[in-house]
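Fold and contact review
For reference, the chains in residue letters:
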Amino acid sequence: MGNATRILIVEDDMIIAANLSLQLTNLGYEIVGIETRGEEALEHARLNTPDIILMDINLRGALDGIETVKAIQEYIDVPIIYLTANSDETTFMNARSTRPHAFISKPFNPVDLQRTVALVAEQISKNDTTKSPVQAEMSVMNDRIFVRHNGQMLKLLLEDILYIEADRNYCHIVTHQNKILVVSTLKSIESELPPAHFIRVHRSYVVNLSKLDVVADGHLEIGRKVIPVSRSYKEYLMSRLHTI
């Protein structure tokens, strides 16, 4: 199933986690991983963002489930389904503040699990048809872009952007003051930016031509940042510099 909904399970009881994984796999979902600690879940979600995270609220370790979700939400917006034993009102209200899509009580009923995950997966597919990931993360105008950052749309003037660096399915948009993480590929962001000012110089870098300080044989510099230049992009870069 090529377009199966991708689910990350974060649960420190391996018997429960394995049971969840087996049931969801049998229902046609793709389990992208099982993590038992909040720190590993955060790293996994950042590097390989799933469609849904099943998160145990009472996770043992330095980060509990709610703290892990809050940390994940600083970087990415991903639907959360909390797995919860009978928790007190304070815990429930704290969990609710992270805007989860659903709660599943433990020990979980297979039918509840199936219906809850199906409803959340359906909501995601509806949202996906209305907005592409780059549209959701970024809005481009003539002289500025608005980037989603910490739940708000942050204004960046194009002339303030120094360069954009790819990091798998993420990009860092770098200005003198900020380094903003965006959930998007470099190719998607490049296609949204005006080509008169921004140019790809490497598979991992797009630079603002007006910000170049040094252009050397195999690299360039913007401020003190050394950025590699691939041979495949070098000729085009040099032709653009001659026309500026």
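Below you will find a few notes about this structure. (Residues numbered from 1 in each chain as written. Predicted model: local features only at pLDDT ≥ 70, side-chain atom pairs only at ≥ 80, totals over all residues. Heavy atoms only, no water.)

**Describing the overall build of the protein**
Filter applied, for reference: What counts as a helix is a DSSP run of H or I of at least four residues, what counts as a strand is a run of E of at least two, and both are numbered from the N terminus. Under the scheme applied here, a residue whose accessible area is under 20% of the maximum for its type counts as buried, over 50% as exposed, and between as partly exposed, the area being computed with a 1.4 Å probe on protein chains only. Residues are treated as being in contact if the distance between any of their heavy atoms lies within 4.5 Å. Calculation of accessible area relied on Shrake-Rupley with a 1.4 Å probe; when residues are assessed, cover is drawn exclusively from the protein chains displayed. In this tally, Asp and Glu contribute negative charge and Lys and Arg positive charge; neither His nor the terminal groups of the chain are included. By convention, the charge on Lys lies at NZ, on Arg at CZ, on Asp at CG and on Glu at CD.
Secondary structure summary: the protein contains eight helices and 16 strands in total. With the C-alpha coordinates aligned to their principal axes, the bounding extent of the protein is approximately 65 × 40 × 30 Å. Counting across all 244 residues of the protein, residues that qualify as buried make up 43%. When contacts within the protein are restricted to residue pairs at least 6 apart in sequence, those whose partners lie at least 24 apart make up 52%. Surface accessibility of the protein: about 13,400 Å² in total, with carbon and sulfur atoms responsible for 48%. Here the protein holds 25 positive side-chain charges and 31 negative ones, and the gap between their average locations is 5 Å.

**Regarding the sheet that holds strand β14 (residues 214-215)**
Short version of the rule: Strand pairing requires that DSSP identify at least two bridges connecting the strands.
Strand order in the open sheet formed by three strands is β14-β15-β16, with antiparallel pairing between adjacent strands. Either end of the sheet is taken by a strand with one partner, and the two such strands are β14 and β16 (225-228). Where β14 and strand β15 (residues 219-222) come together, two bridges link them in antiparallel fashion. Note on β15: the bridge partner recorded for valine 214 is glutamate 221.

**A look at the pattern of salt bridges**
Threshold: Here, a salt bridge means any side-chain nitrogen of Lys or Arg that lies within 4 Å of a carboxyl oxygen of Asp or Glu.
Overall, the coordinates contain nine salt bridges when judged by the stated rule. In this structure, aspartate 143 and arginine 144 form a salt bridge, with 2.8 Å as the shortest nitrogen-oxygen distance. Overall, arginine 144 belongs to the partly exposed group, its relative accessible area being 24%. Several salt bridges converge on common partners, so that one network encompasses Glu11, Asp56 and Lys106.

**Observations regarding helix α1 (residues 14-26)**
What counts is decided by this rule: What a helix should span is 1.5 Å times the count of its residues minus one. Polar contacts here mean pairs of N or O atoms no more than 3.5 Å apart (in protein, one a potential hydrogen donor and the other a potential acceptor; neighbouring residues in sequence count only if both atoms are side-chain atoms).
Here α1 is 13 residues long and its end C-alpha atoms lie 18 Å apart, about the 18 Å a rise of 1.5 Å per residue gives. For α1, the N-terminal capping position is held by aspartate 13, with its side-chain oxygen 3.0 Å away from the main-chain nitrogen of isoleucine 15. Trailing α1 by a residue or two, glycine 28 shows a phi angle of about 100 degrees, which is positive.

**Side note on the sheet that holds strand β12 (residues 198-202)**
Here is the rule we go by: Axis lines are fitted through C-alpha atoms, for helices just across the contact stretch, and the angle between N-to-C directions can take any value from 0 to 180 degrees.
Within the open sheet, the five strands sit side by side as β11-β10-β9-β13-β12. Their pairing is antiparallel. Strands with a single pairing partner mark the edges of an open sheet, and in this sheet they are β11 (179-182) and β12. Within the sheet, the average angular offset between the axes of one strand and its neighbour, ignoring direction, is 20 degrees. The sheet contact formed by strand β9 (residues 161-167) and strand β10 (residues 170-175) spans six bridges and is antiparallel. What sits directly across from alanine 166, in β10, is cysteine 171.

**Concerning unusual backbone geometry**
Cis geometry is adopted by the peptide bond preceding proline 107, which originates at lysine 106 and carries an omega value of -5 degrees. Among the structural elements, proline 107 can be located in the loop between β5 (102-105) and α5 (110-130). Its identity is not glycine, yet arginine 99 carries a phi of approximately 55 degrees, on the positive side. When you line up the elements, arginine 99 lands in the loop between α4 (89-96) and β5.

**A word on the nonpolar core**
Operational definition: By nonpolar core we mean a set of buried residues, namely Ala, Val, Leu, Ile, Met, Phe, Trp, Tyr and Cys, connected to one another through side-chain atoms within 4.5 Å.
Counting residues in each nonpolar core, the largest one holds 22 residues, and the members touching the most others are Val10, Ile53, Met55, Ile72, Ile76, Ile80 and Tyr82. Where this core is concerned, the elements lending two or more residues are β1 (6-10), α2 (38-47), β3 (52-56), α3 (65-73) and β4 (80-84). When residues no more than four places from it in sequence are discounted, the contact partners of isoleucine 76 are Ala45, Arg46, Thr49, Tyr170 and Val183.

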